[in-house]
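# Structural characterization, general
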Amino acid sequence: MIRIAIVEDEKACQSQLQNYLERYGKEAGQDFGITIFQDGIDIVENYQPRWDIIFMDIKMKHMDGMSAAARIREFDSAVVLIFITTMAQYAIKGYEVDALDFVLKPLIYPQFVTKLQKALNMLGKRKQKYLMLPAEDRKERVCVNEILFIEVKNHNLHIVTKSRTYVMRRSMQEMEKELEGCHFSRCSNSYLVNLGNVTGTRKETVLAGEYELPVSRTKKKQFLKELSDYLTVGC
């Protein structure tokens with residue numbers, strides 16, 4: 001599931017973008033979770049880094065796309081930004097917020113597909129993110145999608161995958177930063193959980209594979225919100 005946000009104040013353009021995405025999804029067998037925002041301020045307010053791609057109009061009433069993108073980059077360095085504009089020169093400043101590209105209005109399907117495929121290719125490389133983890137006398141390349149959770153114990157990180165556990169000397173904060181954009185969330189100070197591998201929750205615990213992990217009182221509200229957002233956008 002690719003999570004896409006459309007930030008556009010023109011109803012016609014909103015519908016056209018959504019239709020193009022749905023059309024491409026059917027043609028390519030790609031599953032998109034699409035959410036529409038009416039203005040830059042709507043996506044920036046209470047922003048959570050859960051989107052894979054954001055199509056952002058540049059000219060909007062309350063908060064323009066460049067300002068919204070700059071705010072988003074304060075919290076999310078991984079999301080792919082594509083600006084929507086009537087004039088190409090308006091998009092030049094997009095490089096300041098690390099935008100991938102821009103789409104010109106009026107939208108034309110073949111041109112839109114070219115930009116979308118460029119974004120999907122970038123995501124494909126990111127989705128296959130790997131970590132080099134120590135295993136006996138060597139290091140193994142492990143796909144982050146295989147990780148169930150990470151536990152800090154005795155100043156070491158225990159990285160638990162579907163097949164084995166790796167132990168390495170590193171801080172949880174460093175690992176969190178490296179996994180930014182990969183949908184990991186802290187359920188307590190000791191555990192960082194892969195939301196994609198959560199199989200259920202109970203009153204004070206979360207289930208990841210065959211493991212049941214404690215959810216701390218201080219982290220519970222934020223963790224459950226991030227889990228809910230992850231699952232909801234994927235529907």
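Our subject is the structure that appears above.
These numbers come from a predicted model, not from an experiment.

The subject of this paragraph is the overall build of the chain. Secondary structure summary: the chain contains 6 helices and 15 strands in total. Compactness check: the chain gives a C-alpha radius of gyration of 19 Å against a globular reference of 18 Å for 235 residues, within 12% of the reference. In the chain, the proportion of contacts linking residues at least 24 apart, taken out of those at least 6 apart, comes to 55%. With an accessible surface of roughly 12500 Å², the chain has 49% of that area assigned to carbon and sulfur atoms. Here the chain contributes 34 positively and 31 negatively charged side chains, and the mean placements of these two sets differ by 2 Å.

Ranked by internal contacts, the top residues of the largest apolar core, which has 24 residues, are Leu21, Phe32, Ile53, Phe55, Leu116 and Leu120. Sequence-distant contacts of Leu21, that is, excluding residues within four places in its chain, are made with Ile4, Ile6, Phe32, Ile34, Phe55, Phe112 and Leu116. With 21 residues, the next largest nonpolar core counts Met56, Met63, Ala68 and Ala69 among its residues.

Quick look at the sheet that holds strand 9 (residues 156-161) now. The 5 strands lie next to each other as 10-9-8-12-11, forming an open sheet whose pairing is antiparallel. Every other strand in the sheet has two partners, leaving strand 10 (165-168) and strand 11 (184-188) as the edge strands with one partner each. Geometrically, the sheet is characterised by an average inter-axis angle of 20° between neighbouring strands, direction not taken into account. Strand direction decides the pairing type here: strand 8 (residues 147-153) and strand 12 (residues 191-194), joined by 3 bridges, are antiparallel. Each residue of the ladder has a partner; that of Glu151, found in strand 12, is Tyr191.

With respect to the helices, strands and loops of the structure, Arg50 is situated in the loop between helix 2 (40-44) and strand 3 (53-57). In this structure the side chain of Arg50 is engaged in a polar contact, spanning 3.2 Å, whose partner is the side chain of Asp229.

A word on the pairing of strand 15 (residues 211-214). As paired strands, strand 14 (residues 205-208) and strand 15 are joined by 4 bridges and run antiparallel to one another. Pairing of Val206 across the sheet is with Leu213, part of strand 15.

Attention shifts here to unusual backbone geometry. Geometrically, the link from Lys105 to Pro106 is a cis peptide bond, its omega value of -5° lying close to zero. Following the sequence through the fold, Pro106 ends up in the loop between strand 5 (101-104) and helix 4 (109-127). Of note in the backbone geometry, Asp98 takes a positive phi value of approximately 60° without being a glycine. Examined against the element boundaries, Asp98 turns out to sit in the loop between strand 4 (80-85) and strand 5.

This next bit is on helix 3 (residues 65-73). Counting along an α-helix, one turn takes 3.6 residues, and residues three or four places apart therefore face a common direction. Turning to helix 3, its buried residues are Gly65, Met66, Ala68, Ala69, Ile72 and Arg73. Considered in projection along helix 3, the buried side chains sweep an arc of 160° and stay on one side of the axis. The inward-facing, buried residues of helix 3 abut helix 2, strand 3 and strand 4. The N-terminus of helix 3 is capped by Asp64, whose side-chain oxygen sits 3.0 Å from the backbone nitrogen of Met66.

Thresholds, definitions, all that
Residues numbered from 1 in each chain as written. Predicted model: local features only at pLDDT ≥ 70, side-chain atom pairs only at ≥ 80, totals over all residues. Heavy atoms only, no water. Helix = DSSP H or I, 4+ residues; strand = E, 2+ residues; numbered from the N terminus. Rg over C-alpha atoms; globule rule 2.2 N^0.38 Å. Contact = heavy atoms within 4.5 Å. Areas by Shrake-Rupley, 256 points an atom, 1.4 Å probe, with all protein chains shown as cover. Lys, Arg positive; Asp, Glu negative; His and termini not counted. Charge placed at Lys NZ, Arg CZ, Asp CG, Glu CD. Core = buried A, V, L, I, M, F, W, Y, C linked by side-chain atoms within 4.5 Å. Buried < 20%, exposed > 50% of the residue type's maximum accessible area, 1.4 Å probe, protein only. Pairing = 2+ DSSP bridges. Axes fitted to C-alpha atoms, helices over the stretch in contact; angles between N-to-C directions. Polar contact = N/O pair within 3.5 Å; in protein donor to acceptor, adjacent residues only side chain to side chain. Arc of directions from axis to C-beta.

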